[in-house]
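The chain contents come next:
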Amino acid sequence: MKLRTDDPPDAAELGWWLFATALILVLVTSLDSYLGWLVFGVFLYYVARPIARRLVGFGLPPGIAASVTLAVIVLPFIALLGTVAVIAFGQLSTVRVADVERLVRVLFPGFDFRAIPTTPGRLYDSVTRLLRNPSIRSFLFQFRGLVGAFATQSYNLFLTLIFVFFLVRDEGKIADWFRRTVADEETRTGEYLHAVDHGLNSVFFGYTLTIFVIIILSAVIYTLLNLVAPPGMAIPQTMLVAIATGLATIVPLVGRSIVYFVVVFYLAIVALRTDPVLLWFPVLFLAIMEIAFDNAVRTYIRPILSGRLFPTGLIMFAYLLGPPVFGWYGIFLGPFMMVVTVQFLWVVFPGLLGRNPVETDDAPSDAEPTPTDGRSE
């Protein structure tokens, strides 16, 4: 097929740019409902990429390396969430009515326990009255919608895993095409995208490892503390509390402290109602977790795993503002937008002003190692 030669080159080029713009708008509009899953897929890609690159360095083909990485890293991560739900259900099933009453008495003094159905007959009567309530019927109708939504989101998760697989397997081909077609590494665009890639690797991969390490270490510490706890003062459901501690790390500054103070509040009330001398245990718990453990996280664990590429304040606002602005996927899109914006200000913006790119302790420089292969991860 021959191109028409009677059209002015500028007009033809403008037409293609207009077509590209329209094509982008159609794609963005069509995939808008999948934006959250797309961002989640990018997050999983940066989690899986270092392992896949190391496997390729060991001689495995990219396809097999991507499959092994999804099987070893991504799928176990999803399975871990299911395991947590099963463990939580199992632990909740072992809770007796007396345990619930004791916990409610500690946290909510004066609560009327007659409102809680503790016998099969009272439970049947309570359920019958609830089912006759129009609002409950409306809830059951909405529950069917929830089942459909769950099936839809499961399908979206399946699509996300496929997206991650091809992204991990074909990243080399995509990078080669981009360098040949758009910009090589020596251009400003290539340098900027390389800096964005470096930043996303630091934020996504590093922070994920940090959360898992905190879950494991806090579970060990809670278990050891229970070995020296006075009778009746043990930390309840240590694994669930450890998981909450790790997930609370996503909320900067105050995340883990919220979990600590809830546990301390519960233990302190139990001690005051039993024997005030036992207050030494919640004080010991707070000292170990808030002072020793958190300082170890800030000084050693987080810098080693996450690095110091970005100031802590920027990461804090990225995680705090992401979910309120973008929704549930803002926990991933917030840091993504932070990296894209900060690297633009560091790498590109000074050049637009006629200055050299910014080089600080936090900004990436030419002397820093770059994640161009498995060894640099």
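The structure presented is a predicted model; accordingly, all values stated were derived computationally and were not measured. (Residues numbered from 1 in each chain as written. Predicted model: local features only at pLDDT ≥ 70, side-chain atom pairs only at ≥ 80, totals over all residues. Heavy atoms only, no water.)

Visitor: Pulling in residues and values, what's your account of the overall build of the protein chain?
Guide: In terms of helices and strands, the protein chain carries 13 helices and 0 strands. Helices and strands appear in the protein chain in the N-to-C order α-α-α-α-α-α-α-α-α-α-α-α-α. Considering the protein chain as a whole, with its 377 residues, one finds that 34% of them fall into the buried category. Long-range contacts, defined as pairs at least 24 residues apart, comprise 70% of the intrachain contacts of the protein chain with a sequence gap of at least 6. Carbon and sulfur atoms make up 70% of the accessible area of the protein chain, which amounts to about 23,300 Å² in all. (Helix = DSSP H or I, 4+ residues; strand = E, 2+ residues; numbered from the N terminus. Buried < 20%, exposed > 50% of the residue type's maximum accessible area, 1.4 Å probe, protein only. Contact = heavy atoms within 4.5 Å. Areas by Shrake-Rupley, 256 points an atom, 1.4 Å probe, with all protein chains shown as cover.)

Visitor: Explain the side chain of Thr160 to me, using residue names and the numbers behind them.
Guide: As for its position among the elements, Thr160 is in helix α6 (residues 134-169). With a relative accessible area of 4%, Thr160 lands in the buried category. Side-chain polar atoms of Thr160 contact the backbone oxygen of Asn156, separated by 2.8 Å. Beyond its immediate sequence surroundings of up to four residues, Thr160 is in contact with Trp37, Phe40, Gly41 and Leu44. (Polar contact = N/O pair within 3.5 Å; in protein donor to acceptor, adjacent residues only side chain to side chain.)

Visitor: Which residues make up the packing of helix α9 (residues 238-248) against helix α10 (residues 255-274), and what values go with them?
Guide: Put simply, α9 and α10 touch, their axes get as near as 7 Å, and they point 150° apart. As judged from the angle between their axes, α9 and α10 are roughly antiparallel. Remark: the crossing between α9 and α10 carries right-handed chirality. Residues Val241, Ala244, Thr245 and Ala248 of α9 pack against Gly255, Arg256, Val259, Tyr260 and Val263 of α10. Along the lines of polarity and charge, the residues of the contact of α9 with α10 split into 6 nonpolar, 2 polar and 1 charged. (Axes fitted to C-alpha atoms, helices over the stretch in contact; angles between N-to-C directions. Parallel < 35°, antiparallel > 145°, perpendicular 65-115°, else oblique. Left-handed = near helix turned anticlockwise from the far one by under 90°. Nonpolar A, V, L, I, M, F, W, Y, C, P; charged D, E, K, R; others polar.)

Visitor: Give a detailed account of the nonpolar core, specifying residues and quantitative values.
Guide: Phe310 and Met338 are the most contacted members of the largest nonpolar core, which totals 41 residues. Among the elements of the structure, α2 (35-57), α3 (62-93), α6, α8 (188-228), α12 (312-326) and α13 (330-352) are those that each provide at least two residues to this core. With 11 residues, the single largest contributor to this core is α2. In contact with Met338, not counting residues within four places along its chain, are Val203, Phe310, Leu314, Ile315 and Ala318. Membership of the second largest hydrophobic core comes to 26 residues, among which are Ala219, Val241, Val259 and Phe293. (Core = buried A, V, L, I, M, F, W, Y, C linked by side-chain atoms within 4.5 Å.)

Visitor: An account of the environment of Ile215 is requested, with residue identities and associated values reported.
Guide: Mapped onto the fold, Ile215 is located in helix α8. Once the C-alpha coordinates of Ile215 and Val241 are considered, the two residues, 26 residues apart in sequence, prove to be 8.9 Å apart. When neighbours within four sequence positions are excluded, Ile215 is seen to be in contact with Ala242, Ile243 and Gly246.

Visitor: Can you explain the packing of aromatic side chains? Please cite residues and give values.
Guide: Between two aromatic rings, the relevant description is the distance of the centres plus the angle of the planes. With the rule as written, the count across this model stands at 15 aromatic pairs. Ring centres of Phe344 and Phe349 lie 6.3 Å apart, and the angle between their planes is 45°; this geometry places the pair in the tilted category. Residue classification places Phe344 among the partly exposed positions, given a relative accessible area of 31%. Given the relative accessible area of 35%, Phe349 is considered partly exposed. Of the aromatic side chains, those joined through ring pairs into one cluster are Trp37, Phe40, Phe43, Tyr45, Tyr46, Phe204 and Phe332. (Phe/Tyr/Trp six-rings, centres within 6.5 Å; stacked < 30°, edge-to-face > 60°.)

Visitor: Which residues make up the environment of Pro323, and what values go with them?
Guide: You can see Pro323 is positioned in helix α12. Residues Pro323 and Gly334 lie 11 residues apart in sequence; the distance between their C-alpha atoms is 7.4 Å. In this structure Pro323 touches Gly330 and Ile331, once residues within four positions along its chain are discounted.

Visitor: Lay out the pattern of salt bridges with the relevant residues and their values.
Guide: Side-chain pairs of opposite charge can arise whenever the charged atoms involved come near each other. Here the structure, examined in full by the defined rule, presents 5 salt bridges. Arg169 is the salt-bridge partner of Asp170, the closest N and O atoms lying 2.9 Å from each other. Since its relative accessible area comes to 16%, Asp170 is described here as buried. Overall, the relative accessible area of 31% leaves Arg169 in the partly exposed class. (Salt bridge = Lys/Arg side-chain N within 4 Å of Asp/Glu carboxyl O.)

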